[in-house]
Amino acid sequence: MKRSSRASLVLLGSAPFWMLACEKQEPGVIYRTAEECKRAGHLAPEECERAFEWASDESERIAPRYAQESDCEADFGAFGCHPNGPYFQPRMAGMLARSILTSGRDSTALRNPQPLFESTRERGMLRTAGNVAVGRQTGALDVEAPAFRPIQRAQVISRGGFGPEAMDSRWVGG
Amino acid sequence: MHRLVCRERPNWKELAENLGFSFHSPDGLPYWDESACYQFTLEQIEEHLEAPTQELHAMALGLVEDAVRDEQLLERLAIPRAHWDYLRSSWQRRDSAMYGRMDLSYDGRGPAKLYELNYDTPTSLYESAFFQWVWLEQLRAAGELPGDVDQFNSIQDKLEAYFARVGGTRIHFTSTTGSDEDWGTVAYLCDIARQAGCDGHLLPIEQIGLTADQQFVDDNDEPIQTLFKLYPWEDLLNQPYAEYLRHSTTVFLEPVWKLILSNKAAMALLWERHPGHPNLLPTYVDQRDTPLPPGWVRKPFFSREGANIEIAQRDGSLLRVDGPYAHQPVVRQALQPLPRFGEYHPVVGSWIVGDAAAGLGIREDDSLITQNRSRFVPHIILD
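Residues numbered from 1 in each chain as written. Chains lettered and ligands numbered in written order. Predicted model: local features only at pLDDT ≥ 70, side-chain atom pairs only at ≥ 80, totals over all residues. Heavy atoms only, no water.

K.L.:
Go over the interface of chain A and chain B with me, naming the residues and quoting the values.
P.N.:
Taken together, the contact pairs 22 residues of chain A with 34 residues of chain B. Of the roughly 2300 Å² buried at the junction of chain A and chain B (both faces included), carbon and sulfur atoms supply 56%. Among the residues chain A hides against chain B, the three largest losses belong to K2, R3 and L12 of chain A. Together they make up 33% of the total. The interface formed by chain A and chain B includes five salt bridges. Across the pair R3 of chain A and E137 of chain B runs a salt bridge whose closest N-O atoms are separated by 2.7 Å. Among the secondary structure elements, those contributing two or more residues to the side of chain A that touches chain B are β1 (6-9) and β2 (17-20) of chain A. (Contact = heavy atoms within 4.5 Å. Buried area = accessible area lost by both parts, 1.4 Å probe. Salt bridge = Lys/Arg side-chain N within 4 Å of Asp/Glu carboxyl O. Helix = DSSP H or I, 4+ residues; strand = E, 2+ residues; numbered from the N terminus.)

K.L.:
Report on the sheet that holds strand β9 (residues 226-229) of chain B, specifying residues and quantitative values.
P.N.:
Residue and element names in this part refer to chain B. Reading across the sheet, the four strands line up as β6-β5-β9-β10 and stay open at both edges, with parallel pairing between neighbours. Two strands lie at the open edges of the sheet, namely β6 (199-204) and β10 (251-253), each paired on one side alone. Across this sheet, the average inter-strand angle for adjacent strands is 25 degrees, counted without regard to direction. (Pairing = 2+ DSSP bridges. Axes fitted to C-alpha atoms, helices over the stretch in contact; angles between N-to-C directions.)

K.L.:
Break down the packing of aromatic side chains for me, with residues and values.
P.N.:
Aromatic rings in a pair are described by how distant their centres are and how their planes are angled relative to each other. Tallying each qualifying case throughout the model produces 27 aromatic pairs over all chains. On the basis of an interplanar angle of 25 degrees and a centroid distance of 6.1 Å, the ring pair of Y99 of chain B and W351 of chain B is categorised as stacked. With a gap of 252 residues between them, Y99 of chain B in strand β3 (residues 99-105) and W351 of chain B in strand β16 (residues 345-353) connect regions that are remote in the sequence. Each member of the pair, Y99 of chain B together with W351 of chain B, is buried. With a centroid separation of 5.7 Å and 70 degrees between ring planes, the pair formed by F163 of chain B and F173 of chain B is classed as edge-to-face. Placement of the pair is F163 of chain B in helix α6 (residues 155-166) and F173 of chain B in strand β5 (residues 170-175), with a sequence separation of ten residues. An aromatic cluster of three or more residues is present, and its members are F17 of chain A together with F21, F23, W32, Y126, F130, F131, Y188 and F376 of chain B. For the cation-ring pair, R98 of chain A lies above F148 of chain A, with the distance from its terminal atom to the ring centre recorded as 4.6 Å. (Phe/Tyr/Trp six-rings, centres within 6.5 Å; stacked < 30°, edge-to-face > 60°. Buried < 20%, exposed > 50% of the residue type's maximum accessible area, 1.4 Å probe, protein only. Lys NZ or Arg CZ within 6 Å of the ring centre and 35° of its normal.)

K.L.:
Break down the sheet that holds strand β17 (residues 356-365) of chain B for me, with residues and values.
P.N.:
Residue and element names in this part refer to chain B. A sheet is described by the order of its strands in space; here five strands give the open sequence β4-β3-β16-β17-β18, paired in antiparallel fashion. Looking at the sheet topology across the chains shown, the edges are occupied by β4 (113-118) and β18 (375-377). In this sheet, adjacent strand axes meet at a mean angle of 35 degrees when their direction is disregarded. In the sheet, β3 pairs with β16 via six bridges, with the strands oriented antiparallel. From the neighbouring strand, G100 faces β16, where its bridge partner is I352.

K.L.:
So what's going on with the pairing of strand β5 (residues 87-90) of chain A? Residues and values would help.
P.N.:
Residues and elements named next belong to chain A. Residues Y87 and Q89 line one face of β5 and the alternating positions F88 and P90 line the opposite face, and both faces are buried. Inspection of the sheet shows strand β4 (residues 81-84) paired to β5 by four bridges, in the antiparallel sense. Its bridge partner lying in β5, H82 is registered against Q89.

K.L.:
Can you lay out α6 of chain B for me, pointing to particular residues and giving the numbers?
P.N.:
All names here are of chain B. Compared with the 16 Å implied by 1.5 Å per residue over twelve residues, the 16 Å span of α6 between its first and last C-alpha is a close match. Within α6, the full set of buried residues consists of I155, Q156, L159, E160, Y162 and F163. Seen from one end, α6 has its buried residues packed into an arc of 155 degrees, which puts them on one side. (Expected span 1.5 Å × (residues − 1). Arc of directions from axis to C-beta.)

K.L.:
Describe the pattern of salt bridges, naming the residues involved and giving the relevant values.
P.N.:
Residues and elements named next belong to chain B. As enumerated under the stated definition, the model contains 37 salt bridges over all chains in all. Between R170 and D199 there is a salt bridge whose closest N-O contact spans 3.1 Å. Residue R170 is found in strand β5, and its partner D199 is found in strand β6; the two are separated by 29 residues along the sequence. Taking the relative accessible area as the measure of exposure, R170 reaches 15% and is therefore buried. For the salt bridge of D286 with R298, the shortest nitrogen-to-oxygen distance reads 2.8 Å. Here the residue D286 occupies a position in strand β11 (residues 283-286), and R298 occupies one in strand β12 (residues 296-300), the gap between them amounting to twelve residues. Of the two residues examined, D286 and R298, each falls in the buried class. Linked through salt bridges whose partners overlap, the residues forming this network are R3, D33, E364, D366 and R375.

Structure (structure tokens):
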């Protein structure tokens with residue numbers, strides 16, 4: 001995007017003014033739990049289950065990682081984290097997937113389910129592992145394209161060659 | 001690059017007035033004009049405009065670096081000797097610069113050609129940074145432009161980042177109050193500075209006072225730490241308070257070293273240093289009373305809005321604009337006619353904020369000389 005992300009005035013003009021630039025949007029689904037997904041009825045129950053399982057597996061790979069549980073809880077709240085090997089990671093707060101119309105039928109299918117998280121600094125706002133905010137609403141929605149960009153995390157094979165250190169910079173919500 | 005006819009938003013004038021754009025139609029004549037817009041591809045923007053702007057900016061700074069060390073250059077730039085030390089210390093302190101606008105001729109096929117640098121008091125900032133951005137987002141939201149349309153315009157973001165760096169300090173914003181456009185521009189910058197967390201204040205320039213120890217104060221008799229002025233340096237240095245500038249603790253934006261770039265002799269020096277550069281036009285210091293050969297334009301060192309320009313067209317005919325700058329030294333620049341899109345001739349204004357190319361503002365005219373009555377037309381990027 002070659003333009004400002006927002007334009008705003010606080011003094012000039014007759015009243016404060018605020019406008020956000022929107023990225024290109026693509027159809028997706030966001031749900032906080034598999035049960036919510038099933039209740040919504042847009043997708044088959046098995047589809048909801050599969051998507052949440054997939055997102056949960058992805059979460060182990062791509063969710064932010066912390067060396068200290070306290071650092072993770074500072075961002076995601078008490079009981080907001082769980083151990084994964086030597087690290088701590090936030091619990092999944094939801095799932096985001098692309099929805100596509102399947103050919104020949106009038107139904108949607110899901111692609112690339114991914115985990116969503118919720119930071120203590122901005123309750124209710126769901127974010128991807130890449131820290132892209134996708135909103136507070138759930139259901140079948142248009143989602144801004146950056147949310148769908150894949151996260152690359154390298155396969156770590158060893159650690160500590162330079163002495164004690166924190167992994168990953170602190171995750172910043174908001 | 002295309003000129004598209006656009007549908008005007010029905011209430012745009014009311015919107016403009018609510019957003020502080022009181023000068024959208026001075027004297028009732030159109031200035032902001034959304035009946036049309038220019039369309040570029042992303043490649044045109046990045047390859048033909050953004051990258052050359054960055055390069056030309058670096059060349060301009062290189063010229064300043066050389067000029068502060070070389071008295072001959074300062075003389076050729078017609079900078080009074082009395083100001084040389086003041087200029088030098090401003091540059092050596094690395095007094096930071098906020099913005100500038102380059103005027104380019106560009107028709108979509110490249111390379112863009114630099115006419116001149118407006119690096120001290122560039123106009124059309126509000127329209128370029130803010131109002132054309134709002135225009136784009138409203139048309140996108142209304143479905144009148146496709147969802148993936150873009151604009152080369154991160155000027156407001158970059159201005160805010162600039163103020164956040166300068167930041168926390170008290171900044172005064174000053175100009176004369178007689179011009180809606182000038183006062184609207186400083187009010188807009190003050191607004192951004194406040195959003196960036198600075199303590200910004202508007203100050204009419206005639207309200208600036210002087211203390212017994214020769215420091216500048218505002219209309220509440222409080223010291224002025226940083227002063228953004230929309231007022232040309234060459235005029236400021238002729239004012240009664242000019243003698244106190246040298247020893248003032250006030251930091252000025254734009255800094256005084258910009259004086260080196262704010263006259264057209266700098267274009268002759270750039271050509272001398274970078275002859276044949278694809279984005280420069282041949283330019284030489286000239287003599288006023290000699291005949292102007294066909295295919296050349298004569299301009300005074302310090303002039304604005306096309307005043308006192310002479311154009312010798314290739315067919316030998318002469319175009320002349322009157323003005324108050326008739327007695328200044330002049331340069332001669334190779335004629336690069338503005339591109340034609342129907343009956344219109346656009347000049348591409350390419351903005352620098354800090355040291356980064358930040359966006360475009362396009363003005364078009366019915367004639368070959370962009371003057372005060374030219375109109376601001378928005379643009380889009382769409383492949």
